Amino acid sequence: MSTLAAINPSSTLKHKPKALYFARLAFTFALREMRAGVRGFMIFLACLSLGVAAIAGVNALSASLVSSISSEGQSILGGDLRFSLIHREADEKERAYLENLGPLTVNATMRAMARLPDGSDQTLAELKGVDDAYPLYGEMKLQSGGSLQDALKPKADKTYGGVGELSLLARLNLKVGDTVNLGNINLIITDVIESEPDRLAGSVGFGPRLIVSQAALRASNLVQPGSLVRWHYKIKLGETISREEVENIRIATQKAFPKAGWRVRSRDNASPGLSRNIERFAQFLTLVGLTALIVGGVGVANAVTAYLDSKREVIATFKSIGATGEFVFAIYIIQILIIASIAIAIGVVLGSFIPTIAAYYLRETLPVDIDTTVQPAALALAALYGYLMALVFALWPLARARDIPPTALFRDHEAGGRRLPRPIYLAMLLSCIAILFILAIGLSDNRQIAIYFSVGTAVSFGLLRLIAIGIMSIAKRLPHAKSTEWRLAIGNIHRPGSITPSVVLSLGLGLTLLVSIALIDGNLRNQLTSSLADEAPSFFFVDVQNHEVGQFETLLRDNAKGAKLERVPMLRGFFVEIDGKKPSDMVVPSESQWALRGDRGITYSATIPENSILHEGKWWAEDHEGPSLVSFDEEVARHFGLKIGDQITINVLGREITSTLASTRKVEWQSLGINFVMVFSPNTFANAPHSHLATLTYEDGGTVEKEFNLMKTVAAQFPTITMVRVKDALERVADVVGQMAWAIRGASGVTLLSSILVLAGALAAGHRTQIYDAVILKTLGATRAQLIKAYLIQYTLLGTITATFGILSGTLASWFVVENIMDGDFIFLPSAAFSAALTALTLCISLGLIGTWRILGQKAAPLLRNL
């Protein structure tokens, strides 16, 4: 068969299936051309591998953690079913019913103060009272290897034993055998907690864990009517019981006690908050990983363009002897897909190791073993993202090469550069982009943020392209500079085949993300460490009993003169019905879903609380005696679809109370003052047992010495009151935010690395033209110093313009996130923004000059003979 017949399927035998023969022939030619290796695709491979590895790793780790939580549900929950009550214990009938279901353990959790006997120091602790049956599942590990029940036994001198986390001992400078005060009792620290099986089932605490017996808890007098204590009844139904049987028992128990007011959780939903947060954080990091892939996609486009540039004579030869445009396109799209497959395989393999690496480094941090088995769905999703991104950025240059005539390829490799690809290729390109958007948005828990991200990325991409075109257009129209170096630099910016679009795209996208992350992180830390700390109260006092209120307020006024004291009654309750709908049946925007989860703090007041402004409706009279009325936070009410006059039913202390919505309020949550979603008319909770919540704010900000002296005084006279020093709580939150920020910085670091690779690829793509220019100029008498200066001017101009865009776009993006998603006050932080911009400028100049130095070392004669 002739060469012409081989590459033109229309000229082959008619009885052969044309499509199959076409594909086989294109595949054969593609493989033959790849015998020389993939040297020109190293940037392609690196960029695509990095992006895929980031997405694969994040999603695989997320899936592994969620799988671990699901598989160890019994241990994490502490039973097959858990019934939780706030403020009160189960009555005799309820407890008897639960005991008939299977072995039962009862735990009580609350916050309390652990104090040194001499009053010199104290700390907030997450207190847990357990019985002899604890734990039903899992293993409670102590540092000594002994049993928990032995460690908690009361001592001969009427003191009790307790075990604490190592951080508790470190905070109070204790060792095993030392004594602390807990409420009205002395507690000997008998051991150190190494692992608590059901720790994940609770909420994130503000202090270290301290475990005592229930006898010790009751003796401490911390549990009073209205105290903020949660009672958890955990039941063991058996190792072999099915999910359906567990669910049937849950439903039957709810039907037997419809007004008990307990919250029920099964082993299949052991830690929903943690799972939800893991998934959300993973989705955010996936978006960051997608940014790395998009930035890397520019490198893919550069690599494909450079590769096709090196193959222009081959393509011209194919076309000259009869190859169709479709055949040329098929050969090179097959090659691109093969190389993309190699890159994606590398990325998937790297990403699959991340759960194993995380399991090693987090083994002391997480009380659950990370499932290190392969997560096929997470890896497959990353691979799909990789293929789509490779196609998005490869289709355009491939489609344009398909339509360039042989004469143009031989005569001028830039000819036809302004033509659009044919409609079929544009349709393929738009389809790939649409699938990417659908995946990014459809798989996101918060679709609003995903839409913002996707639209923002698309807009940034478009703006950067327009900026690149504008730079080239302005450079082309500038008057000729007197300096040779300046003329050469400006000419390099706008000439055909210039690296300007690639440099602006790669650095612009990467820098936008880096500036955004830096400013969001900085603003969040600023809110926590300075703004909130300045506005927030100095102390929160929890579980102030009714009989203590008068003496407690007198003590604070005497010992904190000039400080502002606020006190409100406080109860806990959860929604039963909202305007006739069950909470589980409601569709609520993500920013208000928190209000439906678990129980909420509630209060009553005759007047509008501070930090609140009446938005709609009317406030009740101070002596209101009619039906129960309630006022809601305006945003929550709007997201719940509530209007004035609607009915809301909540369960408090086992009683269901129906109230009418009388008003909505604008609440200043940022103040960290006493704020509640719901405020009721005083008659609603007449004679109901409850405690009080109080805040104390030093108008002058207070001092550490003044605050610690007050803590000692209050602890000595009111040992059962829990004190939270707000600065300590903010520091703990800041630590958590800092740990999350490191993960975000790590993911954004992948984007920065992709930007560097893309920049290197852009410079490599323009390498051929730069060699040609440098050789001609050197032949005409240009010195190395002149050329270095010209290239320095070129890269400085491009880097400066790109850095300016990165600062502006990154600042705008971070402002939007802080103001509209985090509901904070945005502050521009010049050091964070300009340090990122300086990094971009340094990279642009350094990488550009490194490549230029190699070019200037080339000898003219050999190159002129071969050009």
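What you see is a predicted model, and the numbers here were worked out from it, not measured in a lab. (Residues numbered from 1 in each chain as written. Predicted model: local features only at pLDDT ≥ 70, side-chain atom pairs only at ≥ 80, totals over all residues. Heavy atoms only, no water.)

**Concerning the overall build of the protein chain**
Turning to step 1, where the next piece is worked out: Tallying secondary structure elements over the protein chain gives 27 helices and 20 strands in all.
Turning to step 2, where the next piece is worked out: Considering only residue pairs separated by 6 or more positions, the protein chain has 81% of its internal contacts joining residues 24 or more positions apart.
Turning to step 3, where the next piece is worked out: Working note: accessible area of the protein chain is about 39300 Å², and carbon and sulfur atoms make up 59% of it. (Helix = DSSP H or I, 4+ residues; strand = E, 2+ residues; numbered from the N terminus. Contact = heavy atoms within 4.5 Å. Areas by Shrake-Rupley, 256 points an atom, 1.4 Å probe, with all protein chains shown as cover.)

**Concerning the nonpolar core**
Turning to step 1, where the next piece is worked out: One finds Phe44, Leu48, Val304, Ile331, Tyr332, Phe393 and Leu398 to be the most contacted residues of the largest nonpolar core, which totals 80 residues.
Turning to step 2, where the next piece is worked out: Not counting residues up to four positions away in its chain, the partners in contact with Val304 are Phe44, Ile336, Ala394, Pro397 and Leu398.
Turning to step 3, where the next piece is worked out: Grouped together as the second largest cluster of nonpolar side chains are 40 residues, Phe83, Ala90, Val106 and Ile185 included. (Core = buried A, V, L, I, M, F, W, Y, C linked by side-chain atoms within 4.5 Å. Buried < 20%, exposed > 50% of the residue type's maximum accessible area, 1.4 Å probe, protein only.)

**Quick notes on the pattern of salt bridges**
Turning to step 1, where the next piece is worked out: Here the structure, examined in full by the defined rule, presents 17 salt bridges.
Turning to step 2, where the next piece is worked out: Across the salt bridge formed by Lys128 and Glu196, the nearest N and O atoms sit 2.8 Å from each other. With Lys128 in strand S3 (residues 122-130) and Glu196 in the loop between strand S7 (185-195) and strand S8 (209-213), this residue pair connects regions lying 68 residues apart in the sequence. Comparing Lys128 with Glu196 shows no difference in burial state: the two are buried.
Turning to step 3, where the next piece is worked out: Across the pair Asp198 and Lys234 runs a salt bridge whose closest N-O atoms are separated by 2.4 Å. Of this pair, Asp198 sits in the loop between S7 and S8 while Lys234 sits in strand S9 (residues 230-235); the two residues are 36 residues apart in sequence, bridging distant segments of the chain. This pair shows no difference in class: Asp198 is buried, exactly as Lys234 is.
Turning to step 4, where the next piece is worked out: Linked by salt bridges that have partners in common, Lys128, Glu196, Asp198, Arg209 and Lys234 make up one network. (Salt bridge = Lys/Arg side-chain N within 4 Å of Asp/Glu carboxyl O.)

**Side note on the packing of aromatic side chains**
Turning to step 1, where the next piece is worked out: Scanning all chains against the criterion turns up 14 aromatic pairs.
Turning to step 2, where the next piece is worked out: Geometrically, the ring pair formed by Phe552 and Phe718 is edge-to-face, given 5.8 Å between the ring centres and 85° between the ring planes. With a gap of 166 residues between them, Phe552 in helix H20 (residues 549-559) and Phe718 in the loop between helix H22 (704-717) and strand S20 (722-725) connect regions that are remote in the sequence.
Turning to step 3, where the next piece is worked out: A residue is classified by how much of its surface remains accessible, and Phe718, at 5% relative accessible area, is buried.
Turning to step 4, where the next piece is worked out: Among the aromatic residues, ring-to-ring pairing joins Phe83, Tyr97, Phe257 and Trp262 into one connected group.
Turning to step 5, where the next piece is worked out: Between the NZ or CZ atom of Arg32 and the centre of the ring of Phe29, over which it lies, the distance is 5.7 Å.
Turning to step 6, where the next piece is worked out: The residue whose ring lies beneath Arg263 is Phe574, and the NZ or CZ to ring-centre distance is 4.7 Å. (Phe/Tyr/Trp six-rings, centres within 6.5 Å; stacked < 30°, edge-to-face > 60°. Lys NZ or Arg CZ within 6 Å of the ring centre and 35° of its normal.)

**Structural notes on a nonpolar patch on the surface**
Turning to step 1, where the next piece is worked out: On the surface, Ile451, Tyr452, Val455, Val459, Leu463, Leu466 and Ile469 cluster together into a nonpolar patch covering about 600 Å² of accessible area.
Turning to step 2, where the next piece is worked out: For Leu466, the location among the structural elements is in helix H17 (residues 447-477). (Patch = residues over 30% accessible without salt bridge, like charges linked within 9 Å, V, L, I, M, F, W, Y side chains within 5 Å.)

**Here's the deal with the pairing of strand S16 (residues 647-652)**
As a general feature of sheets, a regular strand has side chains that alternate between the two faces.
Turning to step 1, where the next piece is worked out: Counting buried residues along S16, five of its six residues qualify, which places the element largely inside the surrounding structure.
Turning to step 2, where the next piece is worked out: Summarising the sheet, strand S12 (residues 564-578) and S16 pair through four bridges and their orientation is antiparallel. The residue of S16 that forms the bridge with Ile578 is Ile648.
Turning to step 3, where the next piece is worked out: Across six bridges, the pairing between S16 and strand S17 (residues 655-667) is antiparallel. (Pairing = 2+ DSSP bridges.)

**Section: the pairing of strand S5 (residues 160-165)**
Turning to step 1, where the next piece is worked out: Taking burial as the measure, the six residues of S5 include five buried ones, the bulk of the element.
Turning to step 2, where the next piece is worked out: When S5 meets S7, the two strands line up parallel, connected through six bridges. Looking at the pairing, Glu165 lines up with Ile193 of S7.
Turning to step 3, where the next piece is worked out: Judged from the three bridges that link them, S5 and S8 form a sheet pairing that is antiparallel.

**Let's talk about the confidence of the model for the protein chain**
The predicted coordinates should not be examined in detail at positions where pLDDT is low.
Turning to step 1, where the next piece is worked out: Averaged over all residues, the pLDDT of the protein chain equals 78, while 78% of them reach at least 70.
Turning to step 2, where the next piece is worked out: Element-level pLDDT for the protein chain is lowest in helix H1 (residues 3-7), with a mean of 48, against a maximum mean of 93 in S8.
Turning to step 3, where the next piece is worked out: For residues 1-6, every residue scores under 50 in pLDDT, and the model assigns this stretch 11 contacts once sequence neighbours within four places are set aside. (pLDDT = per-residue confidence, 0-100.)

**Description of the packing of helix H11 (residues 312-320) against helix H12 (residues 325-352)**
Turning to step 1, where the next piece is worked out: Between H11 and H12, whose axes approach to 10 Å, the crossing angle comes to 145°. In this structure, H11 meets H12 at a crossing whose hand is right-handed. From H11, Val314, Ile315, Phe318 and Lys319 reach across to H12, where they touch Gly325, Val328, Ile331 and Tyr332.
Turning to step 2, where the next piece is worked out: Split by residue class, the contact of H11 with H12 holds six nonpolar, one polar and one charged. (Axes fitted to C-alpha atoms, helices over the stretch in contact; angles between N-to-C directions. Left-handed = near helix turned anticlockwise from the far one by under 90°. Nonpolar A, V, L, I, M, F, W, Y, C, P; charged D, E, K, R; others polar.)

**Here we look at H11**
Turning to step 1, where the next piece is worked out: Where H11 is concerned, the buried positions are Arg312, Ile315, Ala316, Phe318 and Lys319. The arc that holds every buried residue of H11, seen down its axis, measures 160°, which confines them to one face.
Turning to step 2, where the next piece is worked out: Positive backbone phi, approximately 110°, marks Gly322, located one or two places after H11. (Arc of directions from axis to C-beta.)

**Comments concerning unusual backbone geometry**
Turning to step 1, where the next piece is worked out: Pro135 follows Tyr134 through a cis peptide bond whose omega is -10°.
Turning to step 2, where the next piece is worked out: With respect to the helices, strands and loops of the structure, Pro135 is situated in the loop between S3 and strand S4 (141-142).
Turning to step 3, where the next piece is worked out: One non-glycine residue, Asn221, lies in positive phi territory at about 65°.
Turning to step 4, where the next piece is worked out: For Asn221, a relative accessible area of 34% gives the class partly exposed.
Turning to step 5, where the next piece is worked out: Residue Asp579 is not a glycine yet carries a positive backbone phi of 55°.

**Things to note about the side chain of Glu94**
Turning to step 1, where the next piece is worked out: Within the secondary structure layout, Glu94 lies in helix H5 (residues 92-101).
Turning to step 2, where the next piece is worked out: Residue Glu94 is classed as buried on the basis of its relative accessible area, which comes to 5%.
Turning to step 3, where the next piece is worked out: For Glu94, the side chain forms a polar contact with the side chain of Arg88, separated by 3.2 Å.
Turning to step 4, where the next piece is worked out: In this view, Glu94 contacts Arg88, Phe257, Ala260 and Trp262; residues no more than four positions away in its chain are not counted. (Polar contact = N/O pair within 3.5 Å; in protein donor to acceptor, adjacent residues only side chain to side chain.)

**Some remarks on the environment of Ala53**
Turning to step 1, where the next piece is worked out: Along the chain, Ala53 falls in helix H3 (residues 42-71).
Turning to step 2, where the next piece is worked out: In this structure the C-alpha to C-alpha distance between Ala53 and Phe353, which are 300 residues apart in sequence, comes to 9.5 Å.
Turning to step 3, where the next piece is worked out: When neighbours within four sequence positions are excluded, Ala53 is seen to be in contact with Gly347, Leu350, Gly351 and Ile354.

**Notes on the environment of Leu25**
Turning to step 1, where the next piece is worked out: Among the secondary structure elements, Leu25 is positioned in helix H2 (residues 18-33).
Turning to step 2, where the next piece is worked out: Residues Leu25 and Ala330, 305 residues apart in the sequence, show an inter-C-alpha distance of 9.5 Å.

**Side note on the packing of helix H14 (residues 376-403) against helix H16 (residues 423-442)**
Turning to step 1, where the next piece is worked out: Closest axis-to-axis distance for the H14/H16 pair is 9 Å, and the angle between their directions is 160°. Classified by the angle between their axes, H14 and H16 sit roughly antiparallel to one another. In this structure, H14 crosses over H16, and the sense of that crossing is left-handed. Where H14 approaches H16, its residues Leu381, Leu384, Tyr385, Leu388, Met389, Leu391, Val392, Leu395, Trp396, Ala399 and Arg402 are matched on the opposing element by Tyr425, Leu426, Met428, Leu429, Cys432, Ile433, Ile435, Leu436, Leu439 and Ala440.
Turning to step 2, where the next piece is worked out: Class assignment of the residues belonging to the contact of H14 with H16 gives a composition of 20 nonpolar, no polar and one charged. (Parallel < 35°, antiparallel > 145°, perpendicular 65-115°, else oblique.)

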